[in-house]
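Given next are the chains, with one letter for each unit.
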Amino acid sequence: MSVHEDALAMRDDLIALRHEFHREPEVGLQLPRTQERVLAALDDLPLEISTGRDVSSVTAVLRGGGGGSTVLLRGDMDGLPVRERTGLDFASQTGDTMHACGHDLHTTMLIGAARLLCAHRDRLGGDVVLMFQPGEEGYDGARIMVEEGVLEASGRRVDAAYGLHVFSSDAPQGRFVTRPGTMLSASDELHVSVHGSGGHGSAPHRTQDPVAAISEMITSLQTMVTRQFDMFDPVVLSVGSLRAGNAVNVIPESATFGATVRTFSPESRERMRERSEAVLRAVAAAHGVDVEVEYRQGYPPTRTDVEETAFVDRTIHELFGSERHQTLPNPLSGSEDFSRVLDEVPGGFVGLGAVPDGLDPDTADYNHSPTALFDDAVLADGATLYAELALTRTHVEN
């Protein structure tokens with residue numbers, strides 16, 4: 001049987017396993033129940049398994065025939081602090097946590113790939129590292145696993161790495177999407193506190209008003225984005241938090257705001273950090289107030305290797321047909337800590353539409369929504385793609 005036929009034969013087992021993960025989501029870097037379930041699912045396979053020192057990661061190495069490349073496959077395992085409202089019979093049982101981004105599918109697909117690779121081990125020319133990662137949702141779990149040595153887990157540095165992510169909208173069910181080069185944005189945070197002197201709202205001239213200053217700062221930052229950055233290397237700055245005062249007739253002593261910043265190149269990312277601070281300090285000086293600026297760099301842009309992405313595309317076409325594949329014309333403004341891996345080794349990243357039948361991909365609830373739905377029908381295809389990428393990339397010509 002082919003790899004895909006084997007994956008379809010284990011479809012019911014994959015669905016049951018995914019439902020188990022979905023019922024008990026965990027958030028952050030410590031996922032003890034999820035880790036235990038992954039270890040149990042891998043227990044009967046000929047894998048060399050280790051767990052993280054400081055996080056609940058699982059690394060499994062499958063030895064191939066030797067002489068071929070070493071490949072890494074990654075699946076993230078963590079959920080989100082979201083109260084689920086899907087109404088599913090396998091909905092989260094943990095209250096305020098949910099697998100709202102589909103990581104339960106990723107973990108299940110990677111377990112499926114492990115079983116497929118073991119079943120087709122005779123085709124495996126090199127070693128495969130299976131990276132079960134916690135803490136993708138803002139905790140930088142990939143960076144920690146890289147620091148703990150996941151890229152050298154087989155005894156030599158991996159030659160290529162591949163990741164996959166499901167979408168609950170935008171892409172039709174079963175549609176694979178890729179993009180060579182920059183695929184996802186960097187994600188940084190800007191936190192600003194302005195300190196003046198408060199007073200009565202009827203006499204602003206006797207105060208140093210932080211509200212007026214912070215309002216101008218936000219407007220100035222938006223203007224800066226449109227005037228100091230190339231429209232073909234875009235920058236997105238969105239203020240999501242703004243706090244100042246409690247009474248309408250009192251000018252407060254301080255005000256704060258927080259913003260998310262998305263950039264698509266290292267150059268714009270660094271320039272945004274420098275220019276935003278310069279603008280904020282200039283506005284503060286003009287208003288006679290003090291400003292504290294904290295620019296927190298998060299995940300870098302996710303940049304795929306051109307040749308590896310072409311290989312991924314060919315593999316998708318051979319397995320599923322060209323009609324199941326789409327090349328994104330532009331990067332997506334989400335971010336991913338798989339970028340930490342792709343900054344170290346060449347590789348590819350694949351999106352997979354998991355919109356349930358009967359829902360319109362253009363209007364279905366997107367990832368992170370408490371009502372986001374992901375279709376189990378894509379599990380076998382995702383496991384197949386993971387496995388075939390490893391089998392083909394490690395193949396040794398005779």
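Analysis parameters
Residues numbered from 1 in each chain as written. Predicted model: local features only at pLDDT ≥ 70, side-chain atom pairs only at ≥ 80, totals over all residues. Heavy atoms only, no water. Domains from an automatic or database assignment. Contact = heavy atoms within 4.5 Å. Buried area = accessible area lost by both parts, 1.4 Å probe. Salt bridge = Lys/Arg side-chain N within 4 Å of Asp/Glu carboxyl O. Polar contact = N/O pair within 3.5 Å; in protein donor to acceptor, adjacent residues only side chain to side chain. Helix = DSSP H or I, 4+ residues; strand = E, 2+ residues; numbered from the N terminus. Nonpolar A, V, L, I, M, F, W, Y, C, P; charged D, E, K, R; others polar. UniProt positions renumbered as here; feature names shortened; annotations may be inferred. Buried < 20%, exposed > 50% of the residue type's maximum accessible area, 1.4 Å probe, protein only. Right-handed = clockwise from strand over helix to strand, strands pointing away. Pairing = 2+ DSSP bridges.

Points about the domain arrangement of the protein chain
Stage number 1. On domain assignment, one finds that the protein chain holds domain 1 (3–184 + 302–394) and domain 2 (186–299).
Stage number 2. Using C-alpha coordinates to define each centre, domain 1 is positioned 37 Å away from domain 2.
Stage number 3. With 18 residues of domain 1 in contact, the opposing surface of domain 2 contributes seven residues.
Stage number 4. Carbon and sulfur atoms make up 56% of the area that domain 1 and domain 2 hide from each other, which totals about 800 Å².
Stage number 5. Of all residues in domain 1, Ser-333, Ser-335 and Arg-340 give up the largest surface area on contact with domain 2, accounting jointly for 45% of the area buried on that side.
Stage number 6. Across the domain 1-domain 2 interface, the total number found is zero salt bridges.
Stage number 7. For the interface between domain 1 and domain 2, the tally reads six residue pairs in polar contact (both at pLDDT 80 or more).
Stage number 8. For the side of domain 1 that touches domain 2, the secondary structure elements donating two or more residues are strand 7 (181–184) and helix 9 (339–342).
Stage number 9. Tallied by class, residues from the side of domain 1 that touches domain 2 come to four nonpolar, seven polar and seven charged.

A few points about the UniProt feature "binding site: Mn(2+)" (unreviewed entry) in the protein chain
Stage number 1. Look at the UniProt record and you will see "binding site: Mn(2+)" (unreviewed entry) annotated at Cys-101, His-103, Glu-137, His-165 and His-368. Across 268 residues, the annotated set stays spatially compact, with a maximum C-alpha separation of 13.0 Å.
Stage number 2. Assignment of secondary structure puts His-103 in helix 4 (residues 103–119).
Stage number 3. Discounting chain neighbours no more than four positions away, the residues touching His-103 are Asp-76, Met-77, Asp-78, Glu-136, Glu-137 and His-165.
Stage number 4. From its side chain, His-103 meets the backbone oxygen of Asp-78 in a polar contact 2.8 Å long.
Stage number 5. Relative to the elements of secondary structure, His-165 occurs in strand 5 (residues 160–167).
Stage number 6. By relative accessible area, His-165 is classed as buried at 8%.
Stage number 7. Setting aside residues no more than four positions away along its own chain, His-165 makes contact with Cys-101, His-103, His-106, Glu-336, Phe-349, Val-350, Gly-351, Leu-352 and Asn-367.

Quick look at the pairing of strand 3 (residues 71–76)
Stage number 1. Taking burial as the measure, the six residues of strand 3 include six buried ones, the bulk of the element.
Stage number 2. Of the two faces of strand 3, the one holding Val-71, Leu-73 and Gly-75 and the one holding Leu-72, Arg-74 and Asp-76 are both buried throughout.
Stage number 3. Where the polypeptide runs from strand 3 across helix 4 and back to strand 4 (residues 128–133), its parallel neighbour, the crossover connection is right-handed.
Stage number 4. Bridge count for strand 3 against strand 5 is four bridges, and the pairing is parallel.

Concerning the pattern of salt bridges
Stage number 1. A complete count under the given rule lists 28 salt bridges for this structure.
Stage number 2. Among the salt bridges present, the one from Glu-24 reaches Arg-37, with a minimum N-O distance of 3.2 Å. One end of the pair, Glu-24, is in the loop between helix 2 (11–23) and helix 3 (32–42); the other, Arg-37, is in helix 3, with 13 residues separating them in the sequence.
Stage number 3. A salt bridge links Glu-189 to Arg-296; the shortest N-O distance between them is 3.5 Å. Of this pair, Glu-189 sits in strand 8 (residues 186–195) while Arg-296 sits in strand 13 (residues 290–299); the two residues are 107 residues apart in sequence, bridging distant segments of the chain.
Stage number 4. Taking relative accessible area as the criterion, Arg-296 reaches 39% and is therefore assigned partly exposed.

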